[in-house]
Amino acid sequence: MKNTTLKALIFDVDGTLADTERDGHRVAFNAAFREYGIDWDWDVELYGKLLAVTGGKERMRFCVSNFLGNDNLPDNFDDLIPELHAAKTRHYTELLATGAIPLRPGVERLLHEARENGLRLAVATTTTPENVTALFSHTLGEESLGWFDIIAAGDVVPAKKPAGDIYNYALEAMGLRPEECLAFEDSRNGILSSQDAGLTTLITVNGYTQDDDFSGAAVVLDHLGEPAQPFNVLAGDAHGHSMVNCELLEKIHAKNNA
Ligand code: XBP
Ligand code: MG
């Protein structure tokens, strides 16, 4: 057995810590389109297809090239994207401030438990840093931002998920090796990214990602579970547990580093 101890947990944000895509990001994109007089309304189904590309600015370009074309768009649409995306971020963070998007089951419990057990915490996400700050501030309180060694987010790396760059960035910032950490993800692009960085990965699926290919995941669950709300195991080995706690994480880590 390799001489490794579990030292840190690295979390994706969108879809993993909170179900933000359908009723958060999508709604904020549409509000920004309206604000700029752009005749787009991304419905739930189309947005699911657009999630193939991570990053909001990249997603808008993908929509032009693969779905809605540029017939009804202003001539300077590509130049407008950064401004439009800033408006989307404003709408999104305002929405979070209303408390509209809660954390997923088991997230707050696990974060507290991990801290009590001396595990370090980090975030690795493609979303804009302000969005992460807003989510934590409006769910766990502002002091929770200090719980994380590093919040690696957005354009801080040139290549977003599925590239492993954002996880490598977080690992480097923490001075840790991948085998000392576990990653938490919800999507195909997410696990491709975490695996590219060499991380053992736990998956909690959501409505948009339940049919994704999670080959190589340590375990695939519907959520992290609570004492009164056990998770369902969709694939992999949950070692007989019904919620994700530090004991289960140690078992998963040991098995995947044997
Ligand atoms: C999340 C994303 C993000 C959000 C939108 O992916 O792809 O782009 O959808 O946020 P992951 P921005 O959960 O894999 O990190 O508009 O700020 O990019
Ligand atoms: Mg995600």
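Computed from a predicted model, the values in this text were never measured in an experiment. (Residues numbered from 1 in each chain as written. Chains lettered and ligands numbered in written order. Predicted model: local features only at pLDDT ≥ 70, side-chain atom pairs only at ≥ 80, totals over all residues. Heavy atoms only, no water.)

> How would you explain the overall build of the protein if you had to name every residue and give the values?
Counting secondary structure elements, the protein contains nine helices and seven strands. Taking 258 residues into account, the globule formula puts the C-alpha radius of gyration at 18 Å, and the protein, at 18 Å, falls close to it. Taking the principal axes of its C-alpha atoms as reference, the protein extends roughly 60 × 35 × 35 Å. Scored against the burial criterion, the 258 residues of the protein give a buried share of 53%. For the protein, restricting intrachain contacts to residue pairs at least 6 apart in sequence, the fraction spanning at least 24 positions comes to 63%. When the accessible surface of the protein is split by element, carbon and sulfur atoms take 46% of a total near 11200 Å². For the protein, the separation between the mean place of its 21 positive charges and that of its 40 negative charges on side chains is 4 Å. (Helix = DSSP H or I, 4+ residues; strand = E, 2+ residues; numbered from the N terminus. Rg over C-alpha atoms; globule rule 2.2 N^0.38 Å. Buried < 20%, exposed > 50% of the residue type's maximum accessible area, 1.4 Å probe, protein only. Contact = heavy atoms within 4.5 Å. Areas by Shrake-Rupley, 256 points an atom, 1.4 Å probe, with all protein chains shown as cover. Lys, Arg positive; Asp, Glu negative; His and termini not counted. Charge placed at Lys NZ, Arg CZ, Asp CG, Glu CD.)

> Could you give an account of the coordination of the magnesium ion (ligand 2), with specific residues and numbers?
For the magnesium ion (ligand 2), the protein coordination sphere consists of Asp-12 (OD), Asp-14 (O) and Asp-186 (OD), at 2.1 to 2.2 Å. Every donor residue of the magnesium ion (ligand 2) comes from the same chain, spaced as D-x1-D-x171-D. Under the relative-accessibility criterion, Asp-12 is labelled buried at 5%. (Donors = N, O, S within 2.8 Å, 3.2 Å for Na, K, Ca; no water.)

> Can you break down the domain arrangement of the protein residue by residue, with the values?
By a frequent convention, interface size equals the accessible area lost on bringing the separate parts together. When cut into domains, the protein gives domain 1 (8–19 + 103–256) and domain 2 (21–97). Centre-to-centre separation of domain 1 and domain 2, based on C-alpha positions: 26 Å. Between domain 1 and domain 2, the contact holds 15 residues from the first and 20 residues from the second. Between domain 1 and domain 2 lies a buried interface of about 1400 Å² when both sides are counted; carbon and sulfur atoms form 52% of it. (Domains from an automatic or database assignment. Buried area = accessible area lost by both parts, 1.4 Å probe.)

> Describe the sheet that holds strand β7 (residues 233–236), with residues and values.
Strands belonging to one sheet form pairs held by backbone hydrogen bonds; the direction of such a pair is parallel or antiparallel. Overall, mixed pairing links the seven strands, which are arranged β3-β2-β1-β4-β5-β6-β7 in an open sheet. Strand pairing shows two members of the sheet lacking a second neighbour, β3 (148–153) and β7, which therefore form its edges. Each neighbouring strand pair of the sheet contributes to a mean axis angle of 15 degrees, computed without reference to strand direction. With three bridges joining them, strand β6 (residues 219–221) and β7 adopt antiparallel strand pairing. Counted as the bridge partner of Leu-221 is Val-233 from β7. Seen against the sheet, helix α7 (residues 165–174) touches β1 (8–11), β2 (120–125), β3 and β4 (181–185) and runs at an angle of roughly 155 degrees to β3. (Pairing = 2+ DSSP bridges. Axes fitted to C-alpha atoms, helices over the stretch in contact; angles between N-to-C directions.)

> Describe in detail the site of ligand 1, supporting the description with residues and values.
Around ligand 1, the structure places 18 residues, and the nearest of them are Gly-56, Arg-59, His-85, Lys-88 and Thr-128. In this structure, an oxygen atom belonging to ligand 1 sits 2.6 Å away from a main-chain N or O atom of Gly-56. Interatomic distance of 2.7 Å between a side-chain N/O atom of Thr-127 and an oxygen atom of ligand 1. Taken together, the elements giving at least two residues each to the shell around ligand 1 come down to α1 (21–35), α3 (56–68) and α4 (77–97). (Near = heavy atom within 4 Å. Polar contact = N/O pair within 3.5 Å; in protein donor to acceptor, adjacent residues only side chain to side chain.)

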